Structures are given as C-alpha cells and as structure tokens.
Amino acid sequence: MNLFFAQRCLLLLMLFSSMLHASTDKITFNRPADTPQSRYIVELMTLAYKKLGINLELIEFNQDGALVAANEGLLDGQLGKISGLKQMYPNLHRIPVPLFEFKLKLISFSNNQVLNDMPTLVIHSTYPAASQYLKTAPYKGQLFKVKSVSTLLNLLMQKQVAAALVIDFYLDPYLQKLQTAGVKMTTVDSQFVYHYINKKHQHLIPELTATLEQFKVSGKMQTLLSKHGL
C-alpha cells in the first residue's frame, strides 16, 4: 500500500512539474539601456528562450528598481548582471554560462592612478559592478553614488570629484571627449556578465545552461558578439 501511495505521489509530482514547465510560454525582463552589449544579450537570450519554446518580452521599467523587482518576481529575472548577487537578491538564480566580459575602469585627471590616493570617488549605482569591486578593494575616501553615467562624467569633468569607477562600454560614446580633456583611464578589474532568472523559473536552469553551452561551442555566441562589434 505504501509503495502504491509513493508511486502515485511520484506520478503527481512529475505531472505537476510537466505542467509547470509547459505553463512558461513567456518571460519578461526590463528593457536595458541601448548599448551594443545589451543588443547582443537581447538577441542571444531571445534565441535561447525561443529554442525552449518561450517568448522573451521587454518592458519599460525603472532601472533603479529592476533588481529588486526581479528578486520579488515582478520581473522574471535580469538579462545580464555580474556574479555575486545571491546574498542581496536570494531569489535570483544565475545561469552559469558567462555571456561576455567587461572591464571596470578608474578614470581621473591624475597621473597617479591609484584608487586610495583619490580623496573623492563617484560610482554608477544602477549597475552593481563598482559596488561589488569596492567590497574586495575597500575605498577609504569620500564616496558618491549617482544614477547615470552622464552625471558621473559631469562631476568628473567639472572636477567636483577626483575620480570615477565606471564600466568600459558605458564610456564608449564619450571616449574622444574624455581623451581630449586629458582624462586618464586604468583597468582595475575584469568581470563576467551572466543571465539571471527568478526562482519561480528555476526549472528552466538546466535547459538554459545546455542551450547557452551549445551556442558557445557552436560559435553562435561569438558570431553574435562580432555582429554587435564586441
């Protein structure tokens, strides 16, 4: 009798799992800032989800609250973020295949490009790369946090702060102006970007992982990187 009951429970569990998987026909993320990197990730993950029979939808959403919303399940995850988010956002599960690598730059007018020699520092708070880096390389000066790269660069150019920490690809549109003004740039860290999904979709992790691994091995990932100039 116990064996029969256990078999019935197993069948019901398998049926529920199958129904849960089948019910995922659309997955929603916030629309990222328009950069070559974000266009690459959108195309890559659209293809990955399409292979699983799932439509990827982008919606307009406040960038400042996107991580919190993804953790709470209001969004289905994050298209691309760095590793190390689990402690603060426990409901987000990282797909373990890196999508691309970026550099974190220290920029200032000083010839002495040493972080803790800078009395003031500004970082871009919307993207957690700089904050994560400062956990491993604590900064002893006065730290400012702003919500946009343009504000960050304005503070630096007006010399209201001594230095800034910023992701390299956010600097691309401003490189010529910065170099002409005499801004120095030093790479302080390299980080990988990963795809995250909310725990309610954790049943998709094995298939997403296998799909992205296949894209990597087949060269599709590299083709898309090249397509978007990365």
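Just so you know, the residues in each chain are numbered from 1, in the order the chain's sequence is written. Selection of residues for local features in this predicted model requires a pLDDT of at least 70, selection of side-chain atom pairs for listing and counting requires 80 or more, and totals for whole chains, interfaces and linings are taken over all residues. Side-chain measures were taken over the full set of non-hydrogen atoms in the model, leaving aside hydrogen atoms and water.

1. Thoughts on the overall build of the chain
Then, number 1: Along the chain, the regular secondary structure elements total 9 helices and 8 strands.
Then, number 2: Principal-axis analysis of the C-alpha atoms gives the chain an extent of 75 × 35 × 30 Å.
Then, number 3: Residue burial is assigned from relative accessible area. The probe radius is 1.4 Å, only protein chains are included, and a residue is buried under 20% of its type maximum, exposed over 50%, and partly exposed in between. Sorting the 230 residues of the chain into buried and exposed places 43% on the buried side.
Then, number 4: Sequence-distant contacts in the chain: of pairs separated by 6 or more residues, those separated by 24 or more amount to 76%.
Then, number 5: On the chain, the mean spot of the 23 positive side-chain charges and the mean spot of the 15 negative ones are 3 Å from each other. By the criteria applied, helices consist of DSSP H or I runs no shorter than four residues and strands consist of E runs no shorter than two, each listed in order from the N terminus. Note on contacts: a residue pair is in contact if any heavy atoms of the two residues lie within 4.5 Å. For the purpose of charge, His is not counted, nor are the chain termini; Lys and Arg are scored as positive and Asp and Glu as negative. Here the site of a charge means atom NZ of a Lys, CZ of an Arg, CG of an Asp or CD of a Glu.

2. Concerning the pairing of strand β3 (residues 77-82)
Then, number 1: Buried residues dominate β3, accounting for 6 of its 6 residues.
Then, number 2: Sheet topology places β3 next to strand β8 (residues 184-198); 4 bridges connect them, and they run antiparallel. Within β8, the residue paired with Gln78 across the bridge is Tyr196. Note on pairing: DSSP must find at least two bridges between two strands before they are called paired.

3. Here we look at the pattern of salt bridges
Oppositely charged side chains can pair when the atoms bearing their charge come close.
Then, number 1: Each reported salt bridge corresponds to a side-chain nitrogen of Lys or Arg within 4 Å of a carboxyl oxygen of Asp or Glu. Scanning the entire structure with this criterion turns up 6 salt bridges.
Then, number 2: A salt bridge links Asp34 to Arg39; its shortest N-O distance comes to 2.6 Å.
Then, number 3: A relative accessible area of 37% means that Arg39 is categorised as partly exposed.
Then, number 4: A salt bridge links Glu43 to Lys227, with the nearest nitrogen and oxygen atoms 2.9 Å apart. With a gap of 184 residues between them, Glu43 in helix α2 (residues 36-51) and Lys227 in helix α9 (residues 220-227) connect regions that are remote in the sequence.

4. Observations regarding the sheet that holds β3
Then, number 1: An order of β3-β8-β4-β7-β5-β6 is seen for the 6 strands of this open sheet, with the pairing classed as mixed. Of all the strands in the sheet, the pair left with one neighbour each is β3 and β6 (142-146). Averaged over all neighbouring strand pairs, the angle between strand axes comes to 25 degrees, with direction disregarded.
Then, number 2: Pairing between strand β4 (residues 92-108) and β8: 13 bridges, direction antiparallel. Pairing of Lys103 across the sheet is with Ser190, part of β8.
Then, number 3: What counts as an axis is a line fitted to C-alpha atoms, over the stretch in contact for a helix, and the angles between N-to-C directions run from 0 to 180 degrees. Seen against the sheet, α2 touches β3, β4 and β8 and runs at an angle of roughly 175 degrees to β4.
Then, number 4: Here helix α5 (residues 149-157) sits on the sheet and contacts β4, β5 (120-124), β6 and β7 (163-167); the angle it forms with β7, its principal contact strand, is near 155 degrees.

5. Some words on the pairing of β4
Each regular strand shows side chains that alternate between the opposite faces of the sheet.
Then, number 1: Of all the 17 residues making up β4, 12 are buried; the element is thus mostly covered by neighbouring parts of the structure.
Then, number 2: Examined bridge by bridge, β4 and β7 share 5 bridges and lie antiparallel to one another. Within β7, the position partnered with Lys105 by the bridge is Val166.

6. Some points on helix α8 (residues 205-218)
Then, number 1: Expected span, for any helix, means 1.5 Å times one less than how many residues it has. In this model α8 runs 20 Å from its N-terminal to its C-terminal C-alpha over 14 residues, within 8% of the 20 Å that 1.5 Å per residue would give.
Then, number 2: Listed in full, the buried residues belonging to α8 are Leu208, Thr209, Thr211, Leu212 and Phe215. Down the axis of α8, the buried side of the element spans an arc of 165 degrees, and every buried residue falls inside it. In α8, the exposed positions that point more than 90 degrees away from the buried face belong to Pro206, Val217 and Ser218.
Then, number 3: Along its buried surface, α8 packs onto α2, β4, β8 and α9.
Then, number 4: Backbone geometry just downstream of α8 places Gly219 in the positive-phi region, at approximately 95 degrees. It is the directions from the helix axis to the C-beta atoms that the arc portrays.

7. Let's talk about the nonpolar core
Then, number 1: Here, nonpolar core refers to any group of buried Ala, Val, Leu, Ile, Met, Phe, Trp, Tyr and Cys residues whose side-chain atoms link them within 4.5 Å. Among the nonpolar cores identified, the biggest contains 71 residues, and Met45, Tyr49 and Leu212 are the most heavily contacted of them.
Then, number 2: In this view, Tyr49 contacts Ile27, Phe29, Ile54, Leu56, His195, Ile197, Leu204 and Leu208; residues no more than four positions away in its chain are not counted.

Bear in mind that shape data such as this cannot, by itself, settle questions of function.
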